[in-house]
Amino acid sequence: MSKIINVTCAIILKDKKILVAQRSEKMKLPLKWEFPGGKLEFNENETDCIKREIKEEININIEILQKLSNNIHDYGTFKINLIPFLVQYISGEIKLAEHKDYRLLERSQLSNLDWAEADLPIVEEFLKLEI
Ligand SMILES: Nc1nc2c([nH]c(=O)n2[C@H]2C[C@H](O)[C@@H](COP(=O)(O)OP(=O)(O)OP(=O)(O)O)O2)c(=O)[nH]1
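The rules behind these values
- Residues numbered from 1 in each chain as written.
- Predicted model: local features only at pLDDT ≥ 70, side-chain atom pairs only at ≥ 80, totals over all residues.
- Heavy atoms only, no water.
- Helix = DSSP H or I, 4+ residues; strand = E, 2+ residues; numbered from the N terminus.
- Expected span 1.5 Å × (residues − 1).
- Buried < 20%, exposed > 50% of the residue type's maximum accessible area, 1.4 Å probe, protein only.
- Contact = heavy atoms within 4.5 Å.
- Salt bridge = Lys/Arg side-chain N within 4 Å of Asp/Glu carboxyl O.
- Near = heavy atom within 4 Å.
- Polar contact = N/O pair within 3.5 Å; in protein donor to acceptor, adjacent residues only side chain to side chain.
- Areas by Shrake-Rupley, 256 points an atom, 1.4 Å probe, with all protein chains shown as cover.
- Nonpolar A, V, L, I, M, F, W, Y, C, P; charged D, E, K, R; others polar.

The end-to-end C-alpha distance of helix H1 (residues 46-58), which contains 13 residues, comes to 18 Å, matching closely the 18 Å that a straight helix rising 1.5 Å per residue would cover. Looking at H1, one finds that the buried residues are Cys49, Ile50, Arg52, Glu53, Ile54, Glu57 and Ile58. Where H1 is buried, its residues touch strand S1 (4-14), strand S2 (17-22), strand S4 (37-39), strand S5 (61-67) and strand S7 (79-91). Phi turns positive one or two residues past the end of H1, at Asn59, with a value near 75°.

This is the structure we're talking about:
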């Protein structure tokens, strides 16, 4: 049994659109689409983690609006607890440090992406929100 990795991720709202990011060829789950974020560090709380990860990976500052339901997913070789936050873009120019690509999409376009499997229930929950 592999141990669970805690990972935060952010559904970033910018200009009424949703930012999604594509993992690079070199990352685990290559070319899959995800909400940017990353692993919780020792002694770090979830909200500090997501703000830090978004600054490191996308170069922007965010404000947290709401926490959504976490999803525990077993990829077989590793298992994650994915902890999503709905967040608002505040400032900064989007610059990708690790991802291959990003898009700003309408809600209706989210279902068409080749998502990392752990994200699927999170996308569904987001689509049910009245925002
Ligand atoms: N950031 C993020 N990671 C996700 C999502 N969905 C999902 O399955 N993951 C997985 C991919 C990674 O295995 C892990 C997140 O770790 P990470 O973002 O630090 O990825 P990484 O490539 O640096 O991981 P590693 O190679 O160092 O193990 O969670 C998501 O929406 N956002």
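A word on the pattern of salt bridges. Scanning the entire structure with this criterion turns up 11 salt bridges. Note that Lys14 and Asp15 form a salt bridge whose closest N and O atoms lie 3.4 Å from each other. Since its relative accessible area comes to 15%, Lys14 is described here as buried. For Asp114, the salt bridge identified is with Lys32, shortest N-O distance 2.9 Å. On the criterion of sequence distance, the pair formed by Asp114 in the loop between strand S8 (101-105) and helix H2 (120-128) and Lys32 in the loop between S2 and strand S3 (33-34) is long-range, its members being 82 residues apart.

On to the environment of Cys9, then. Examined against the element boundaries, Cys9 turns out to sit in strand S1. Along the primary structure Cys9 and Trp33 are separated by 24 residues, whereas in three dimensions their C-alpha atoms are 12 Å apart. Here Cys9 is in contact with Phe35, Pro36, Gly37, Ile50, Leu82, Ile83, Pro84 and Phe85, once residues within four sequence places are set aside.

Moving on, we come to the site of the ligand. Around the ligand there are 17 residues in total, and Arg23, Phe35, Lys39, Tyr75 and Asp119 lie nearest to it. Contact distances for the ligand include 2.6 Å between an oxygen atom and a side-chain N or O atom of Tyr75. Separating an oxygen atom of the ligand from a side-chain N or O atom of Asp119 is a distance of 2.4 Å. Considering the ligand on its own, with 600 Å² of exposed area, one finds that the protein chains cover 83% of that surface. When residues of the shell around the ligand are traced back to their parent elements, those giving at least two are S1, S4 and S7. Top element by residues in the shell around the ligand is S4. It accounts for 3 residues. Of the residues assigned to the shell around the ligand, the class counts are 10 nonpolar, 2 polar and 5 charged.

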